[in-house]
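Examining the three-dimensional arrangement
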Amino acid sequence: MIDSQIPVIQDKEHDKEKELEMLKGLKTVGEITAPNPRMTCRNVNVYYSGVQAIFGVSLDIAGNEVIAMIGPSGCGKSTFLRCLNRMNDTIEGCRVEGEITLDSENIYGSKIDVVPLRAQVGIVFQKPNPFPKSIYENVAYGPKIHGLTQNKAELDEIVERSLIKAGLWGEVKDRMDKPGTGLSGGQQQRLCIARTIAVSPEVILMDEPCSALDPIATAKIEDLIDELREQYSIVIVTHSMQQASRVSQRTAYFHLGYLVEVGPTPQIFTKPRHRLTEDYITGRFG
Amino acid sequence: MNRVAVNETISVMKPKRAIETVSKGLRKRYRAERRFRMLGLAAVIASLLFLTIMFISIFGNGYTAFFQTYVKLNVYFDPETLREDTLARADYPGLVKKTMRAMFPEVQGRRDKRNLYKLVSSEAAFQLRAMVLRNPDIIGQEIPVWVPADDDIDMLMKGHIRRDVPESERRLNDKQLAWLDRLSADDRIQTRFNWTFIRSGDSREPELAGILGAAVGSFLTLLVTLLLSFPIGVAAAVYLEELAPKNRWTDLIEVNINNLAAVPSIVFGLLGLAVFLNFFGLPRSAPLVGGLVLTLMTFPTIIIASRAALQSVPPSIREAALGIGASKMQMIVHHVLPLALPGILTGTIIGMARALGETAPLLMIGMVAFIVDVPQGFNDPSTALPVQIFLWADSPERAFVEKTSAAIIVLLGFLITMNAAAVMLRKKYERRW
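Residues numbered from 1 in each chain as written. Chains lettered and ligands numbered in written order. Predicted model: local features only at pLDDT ≥ 70, side-chain atom pairs only at ≥ 80, totals over all residues. Heavy atoms only, no water.

**Some details on the overall build of chain B**
Helix and strand counts for chain B come out as 16 helices and 3 strands. In terms of overall dimensions, chain B is more spread out than a globule: its C-alpha atoms have a radius of gyration of 33 Å, far above the 22 Å expected for 433 residues. The C-alpha extent of chain B, read off along each of the three principal axes, is 125 × 60 × 35 Å. Counting the 433 residues in chain B, one finds 42% classified as buried. Relative to all contacts within chain B whose residues are 6 or more apart in sequence, the contacts with residues 24 or more apart total 76%. Of the side-chain charges in chain B, 50 are positive and 39 negative, and the distance between the mean point of each set is 13 Å. (Helix = DSSP H or I, 4+ residues; strand = E, 2+ residues; numbered from the N terminus. Rg over C-alpha atoms; globule rule 2.2 N^0.38 Å. Buried < 20%, exposed > 50% of the residue type's maximum accessible area, 1.4 Å probe, protein only. Contact = heavy atoms within 4.5 Å. Lys, Arg positive; Asp, Glu negative; His and termini not counted. Charge placed at Lys NZ, Arg CZ, Asp CG, Glu CD.)

**Regarding the side chain of Ser306 of chain B**
Residues and elements named next belong to chain B. Among the structural elements, Ser306 can be located in helix α11 (residues 287-311). Judged by its relative accessible area of 1%, Ser306 is buried. Within the structure, Ser306 has its side chain in polar contact with the backbone oxygen of Ile302 (distance 2.7 Å). Apart from the residues lying within four places of it in its own chain, the contact partners of Ser306 are Val234, Ala237 and Ile344. (Polar contact = N/O pair within 3.5 Å; in protein donor to acceptor, adjacent residues only side chain to side chain.)

**Focus on the sheet that holds strand β5 (residues 105-106) of chain A**
Residue and element names in this part refer to chain A. Here we have 4 strands laid out as an open sheet, ordered β2-β1-β4-β5, and antiparallel in their pairing. Unpaired on one side and paired on the other, β2 (51-62) and β5 mark the two borders of the sheet. The sheet contact formed by strand β1 (residues 37-48) and strand β4 (residues 94-102) spans 8 bridges and is antiparallel. By the bridge assignment for β4, Tyr48 is matched with Cys94. (Pairing = 2+ DSSP bridges.)

**Re the pattern of salt bridges**
Residue and element names in this part refer to chain A. One pass over the structure, following the stated rule, counts 26 salt bridges over all chains. Two residues, Arg38 and Glu202, come together in a salt bridge whose shortest N-O distance is 3.8 Å. Taken together, the residues Arg38 in strand β1 and Glu202 in the loop between α7 (185-197) and β7 (203-207) connect sequence positions 164 residues apart. By relative accessible area, which is 21% here, Glu202 ends up partly exposed. Residues participating in the shared-partner salt-bridge network are Arg38, Asp103 and Glu202. (Salt bridge = Lys/Arg side-chain N within 4 Å of Asp/Glu carboxyl O.)

**Structural notes on the side chain of His255 of chain A**
Residue and element names in this part refer to chain A. Secondary-structure assignment places His255 in strand β9 (residues 250-255). Judged by relative accessible area, His255 falls into the buried class, the value being 3%. At 3.0 Å, the side chain of His255 forms a polar contact with the side chain of Tyr253.

**A closer look at the interface of chain B and chain A**
Each partner contributes to the interface: chain B provides 19 residues, whereas chain A provides 23 residues. Between chain B and chain A lies a buried interface of about 1,700 Å² when both sides are counted; carbon and sulfur atoms form 62% of it. Of all residues in chain B, the largest losses of buried area upon contact with chain A belong to Glu319, Ile324 and His335 of chain B, amounting jointly to 33% of the total for that side. At the surface where chain B touches chain A, the tally comes to 1 salt bridge. A salt bridge links Arg82 of chain A to Glu319 of chain B; the shortest N-O distance between them is 2.9 Å. For the interface between chain B and chain A, the tally reads 6 residue pairs in polar contact (both at pLDDT 80 or more). Contributing elements (two or more residues each) for the side of chain B that touches chain A: α12 (315-324) and α13 (328-356) of chain B. If you tally residues by element for the side of chain B that touches chain A, the top one is α12 of chain B, at 8 residues. (Buried area = accessible area lost by both parts, 1.4 Å probe.)

**Some thoughts on the nonpolar core**
Met39, Phe80, Leu84 and Val235 of chain A are the most contacted members of the largest nonpolar core, which has 58 residues in total. Excluding residues that lie within four positions of it along the chain, Leu84 of chain A makes contacts with Met39, Cys41, Ile61, Ile100, Ile107, Val121, Leu205 and Val235 of chain A. (Core = buried A, V, L, I, M, F, W, Y, C linked by side-chain atoms within 4.5 Å.)

**Description of the pairing of β4 of chain A**
All names here are of chain A. Relative to β5, β4 is paired through 2 bridges, and the arrangement is antiparallel. By the bridge assignment for β5, Thr101 is matched with Asn106. The antiparallel hairpin formed by β4 and β5 contains 2 residues in its connecting segment, where Asp103 sits at a positive phi of about 50 degrees.

**Remarks on the packing of helix α15 (residues 385-393) of chain B against helix α16 (residues 399-429) of chain B**
All names here are of chain B. Contact pair α15 / α16: the axes reach a minimum separation of 9 Å and the direction vectors enclose 165 degrees. Comparing their axes, α16 and α15 come out roughly antiparallel. You can see that α15 and α16 cross each other, and the crossing is left-handed. Residues Leu385, Pro386, Ile389, Trp392 and Ala393 of α15 lie in contact with α16, whose contacting residues are Phe400, Lys403, Thr404, Ala407, Ile408, Val410, Leu411 and Phe414. Its residues placed into classes, the contact of α15 with α16 shows 11 nonpolar, 1 polar and 1 charged. (Axes fitted to C-alpha atoms, helices over the stretch in contact; angles between N-to-C directions. Parallel < 35°, antiparallel > 145°, perpendicular 65-115°, else oblique. Left-handed = near helix turned anticlockwise from the far one by under 90°. Nonpolar A, V, L, I, M, F, W, Y, C, P; charged D, E, K, R; others polar.)

Listed below in structure tokens is the structure:
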């Protein structure tokens, strides 16, 4: 075991500050780099109104892989995810330091426009949030605002292709003009995924996409994630360790804003190298 | 061993005592609920009662203003008084008097004659003139003409002047009553729908006063108010809510917008007088200036309502739009504004309804003047419905009492229509997510 000085936290009223003090300078265990990375993050620090939430996280996201981020609540995994397409810009008082690149270009560079960035790095949220418009309009919105199509026929084709990829086409093809908000929770979430892939992103970020869904809908989304991997890089934040082990190739464990360990999913779940990771996946806290 | 004992104590003692305490308090709780319910019901009934009293009193007083008493005169269009070259300037009042004398040949003496002439409105002369000018061929013929009765006659016919009081305390003397009774017996008196009230502007003569001038003035004023305050209010709300950084300056602005909404309206009137009339030299009594002043008063209300509507749009919709790569402006125009629109429209209409009923600021900019003509444009002198009510309520003639109530009915009609429109718009465009 590495770094066995870090205490096992079983006491619920543990002192967070003391723990942060002990984590100071923690070096991530495992291989943070990946061959031919799509995105690279180096020394990312995030502050909310001056309070640090992410501490020096470095991580690569490879092409055609699903990387899962796990960790206890408030560990910063969602915050880190939202850095990857600058959704944190919309939060008042949020500041991001460090370097994050997409295809070797710093996305926090002064010349970068967030609009094309978010077209390249799409995001699916925890709660399904279709627009209160028709199913067709939901999927067509992205291509429309980015001007990806020349005419209606092309747009129709993109909508159909996206819905097919999201595994929703068969269920909605006869009611494209019905409101997207009238679908079931699982269908809504797949509609949101279709909406995201309609703009042909390179990376899809998923922030606990199944936490509001029942097991059957969850299984469908997980199958979908597996299929989408052939074309996209997917970063998924999840609270379910079973889900992480089912869908991902690599897993990253976050703790109190630190990236504690990252490695191939089977190894993380069977032979974790860090004490904290082991404690978490064996259910000793979290 | 020990634990079993404790468990037993709990199972024997505690549930029983707890349920006893609960049932003891239960009646008190229900009583409190009933009391609250009764209070609420009483409050609703009381407010409905007052509303009903108000409506009954206004309608009871006002509906008669929509009717007017007319008198039939057999007019001989005398070719001697009506010369072709001076048709427009001929002595038409004299023609009316002559006709009256011909109908009551027994009336002698100046005072009696004057009382006789008072039976019909001064409008009669204008009516005859218009008839002659329209069709000069009637000269030389005797034609029956219905002319409006004087307001006192009208009041008597409607029962507002009582016959059974002593003559000295009555507006009409015994002789006039006798003449009237003769006219009645000859079927020469009729009550008709009062088109004059709907079609014409104000007048010193109650039987000739109409609401149209004030209604058009109010419409033009509100049009200016709407065209200015809606875009300004919505733009300011969108900027403050969606685009402006949240800092001390925007807090200050927010506080001051709330202050602006609470400023007494007469202060806006004084401001309008100082700025729009004295500094910019805009015309006095004009709907344009009235609209500008009411805009000052209305747009803070619209800003506040619009901000509340924008705030109620869930953040998930904003994130969804931004997440696909919509720009901030696209997010606002495509998603946030359509969802906030019902709330914005409701706020706007309520603000406009308030502006419609506003009197004080209009007094300051001269819209309280006595204006007979119906305004034709934004720069014509005009008055507004609430100001017209104020003017008529101030008039001494008994007949203006019913005109005042009728004007209130018209104003309430507009207000109710606008509020109903607000409710319908909200119902129609309300979307759920």
